[in-house]
Amino acid sequence: MTIETVLARAVLLDALEALDEHLASIVLVGAQAIYLRTGAAEVALAEFTTDADLVLDPRELADDPLIEEAMTGGGFVRDPSNINPGAWISQDGIPVDLMVPDAVAGKGRRGVTAGQHHRGAIRRTIGLEAVLEDNGPLTVEALAEDDDRRIEVRVAGTAGLLIAKLHKVSERADTPLRRDDKDSHDIYRLLVAVSTDDLAGAIRRLLVRPVSGTVTSDALDMLADLFASGPEAPGAVMAGRAERTIGYPEQVSVSSSILAVDLLRALGRWA
């Protein structure tokens, strides 16, 4: 395990401590959630992350303390290198993103309308709606030997994480500077670690929920375009490329495409 991953977990716990009064409204997403949910997935790429991603549900968010005051009180500052709302950074330079799914973010384009909280404290993001419906409590533990902290928090489920990652990869597919092969490999990790039947069942539930239905349906179209259309599809290629020098890129590209087809067929979205 890399020192960056250990530090990212410590900063995640710092952020959860800072936002302790808002824990009921928080869902952990991103790579740290994926690793917690997929455990010892049989993939060559080791667990690696340098940040923490938290979703806040404004429907359950208390007015006190203010998010900006809680974060600054916990030693965080707005990231000076990132103009986007919700981009925070620790004293050690570890990023923490605070986000709200677009469907429940109120009026605005980037910021979030949530009671008295500053609009710049949290960022609206399309594609995270599914994690509001698909999540459950897990205990998040520190990874450093001299840190014994353990905090229970809601963690996004594998279906919600898959939907969120598909939106992220699709959004960045045409912007080379923003693309990250690891995001596509995270999708491959989820497809490998979770049975097709289990994913399909959870996705069916998301499709009929008002908050998550549209983004889930859109994500399945993205899965078809980015992965299921073959090993040369953009997402399949990126997933394989993430294992260059350490694994089996061609095999990963083929496997991710086959697993995507299996899932879409189980959902009746592939001929």
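One can find the structure itself at the top, above this paragraph.
Quick look at the structure, then. Fair warning: this is a prediction, and the values are worked out from it, not measured in the lab. (Residues numbered from 1 in each chain as written. Predicted model: local features only at pLDDT ≥ 70, side-chain atom pairs only at ≥ 80, totals over all residues. Heavy atoms only, no water.)

### Observations regarding the environment of Thr113
By secondary structure assignment, the location of Thr113 is in the loop between strand E5 (95-101) and strand E6 (123-125). A sequence separation of 102 residues divides Thr113 from Val11, and the C-alpha atoms of the two residues are 26 Å apart. When residues no more than four places from it in sequence are discounted, the contact partners of Thr113 are Ala105, Gly106, Lys107 and Arg119. (Helix = DSSP H or I, 4+ residues; strand = E, 2+ residues; numbered from the N terminus. Contact = heavy atoms within 4.5 Å.)

### Some words on the layout of surface pockets
Looking at the largest pocket, its volume works out to about 1200 Å³. Together, 39 residues line the largest pocket, and Asp97, Met99, Arg123, Lys168 and Arg172 are the ones closest to its centre. At the level of secondary structure, the elements contributing two or more residues to the lining of the largest pocket comprise helix H2 (30-38), E5, E6, helix H5 (158-172) and helix H6 (181-193). Counting residues per element, the lining of the largest pocket draws most heavily on H5, at 8 residues. (1 Å grid on protein atoms, 1.4 Å probe; cavity = no way out; pocket = protein on both sides within 12 Å on 5 of 7 lines; lining within 4 Å. Points joined across faces, edges and corners; volume = space filled by probe spheres on them.)

### Points about the packing of aromatic side chains
Applying the stated rule across the entire model yields 0 aromatic pairs. Here Arg78 stacks its cationic end above the ring of Trp88, 6.0 Å away from the centre of that ring. (Phe/Tyr/Trp six-rings, centres within 6.5 Å; stacked < 30°, edge-to-face > 60°. Lys NZ or Arg CZ within 6 Å of the ring centre and 35° of its normal.)

### Points about the side chain of Thr5
Within the secondary structure, Thr5 sits in helix H1 (residues 3-18). Relative accessible area serves as the criterion here: at 4%, Thr5 is assigned to the buried category. Apart from the residues within four sequence positions on either side, Thr5 is in contact with Glu47, Phe48, Thr49 and Leu143. (Buried < 20%, exposed > 50% of the residue type's maximum accessible area, 1.4 Å probe, protein only.)

### Here's the deal with the pattern of salt bridges
Should the charged atoms of two oppositely charged side chains come close, the side chains can pair. All chains considered together, the criterion is met by 16 salt bridges. Residue Asp102 pairs with Arg124 through a salt bridge whose shortest N-O separation is 2.9 Å. Taken together, the residues Asp102 in the loop between E5 and E6 and Arg124 in strand E6 connect sequence positions 22 residues apart. Here Asp102 falls in the partly exposed class, since its relative accessible area comes to 30%. By relative accessible area, Arg124 is classed as buried at 10%. As a salt-bridge pair, Glu133 and Arg209 come within 2.9 Å of each other at their nearest N and O atoms. One end of the pair, Glu133, is in helix H4 (residues 129-133); the other, Arg209, is in the loop between helix H7 (196-207) and helix H8 (213-228), and 76 residues separate them in sequence. Its relative accessible area of 28% is what places Glu133 among the partly exposed residues. (Salt bridge = Lys/Arg side-chain N within 4 Å of Asp/Glu carboxyl O.)

### Observations regarding unusual backbone geometry
Across the junction of Asp64 and Pro65, the peptide omega takes the value 0 degrees, indicating a cis bond. Turning to its location among the elements, Pro65 is positioned in the loop between strand E2 (52-56) and helix H3 (67-73). Phi at Thr245 takes a positive value of approximately 75 degrees, unusual for a residue other than glycine. You can see Thr245 is positioned in the loop between helix H9 (234-241) and helix H10 (249-266). By relative accessible area, which is 82% here, Thr245 ends up exposed.

### Concerning the packing of H8 against H9
Packed helix pairs are characterised by how far apart their axes lie and by the angle those axes make with each other. Between H8 and H9, the least distance of the axes is 5 Å, while the angle of their chain directions is 60 degrees. Classified by the interaxial angle, the pair formed by H8 and H9 is oblique. Facing Asp225, Leu226 and Phe227 of H8, the residues of H9 in contact are Pro234, Gly235, Ala236 and Ala239. (Axes fitted to C-alpha atoms, helices over the stretch in contact; angles between N-to-C directions. Parallel < 35°, antiparallel > 145°, perpendicular 65-115°, else oblique.)

### A short note on a negative patch on the surface
On the surface, Asp20, Glu21, Asp63, Asp64 and Glu69 cluster together to form a negatively charged patch. Of note, Asp63 is situated in the loop between E2 and H3. Given the relative accessible area of 46%, Asp63 is considered partly exposed. (Patch = residues over 30% accessible without salt bridge, like charges linked within 9 Å, V, L, I, M, F, W, Y side chains within 5 Å. Areas by Shrake-Rupley, 256 points an atom, 1.4 Å probe, with all protein chains shown as cover. Lys, Arg positive; Asp, Glu negative; His and termini not counted. Charge placed at Lys NZ, Arg CZ, Asp CG, Glu CD.)

Honestly, that's just the spatial picture; any functional story needs more than this.
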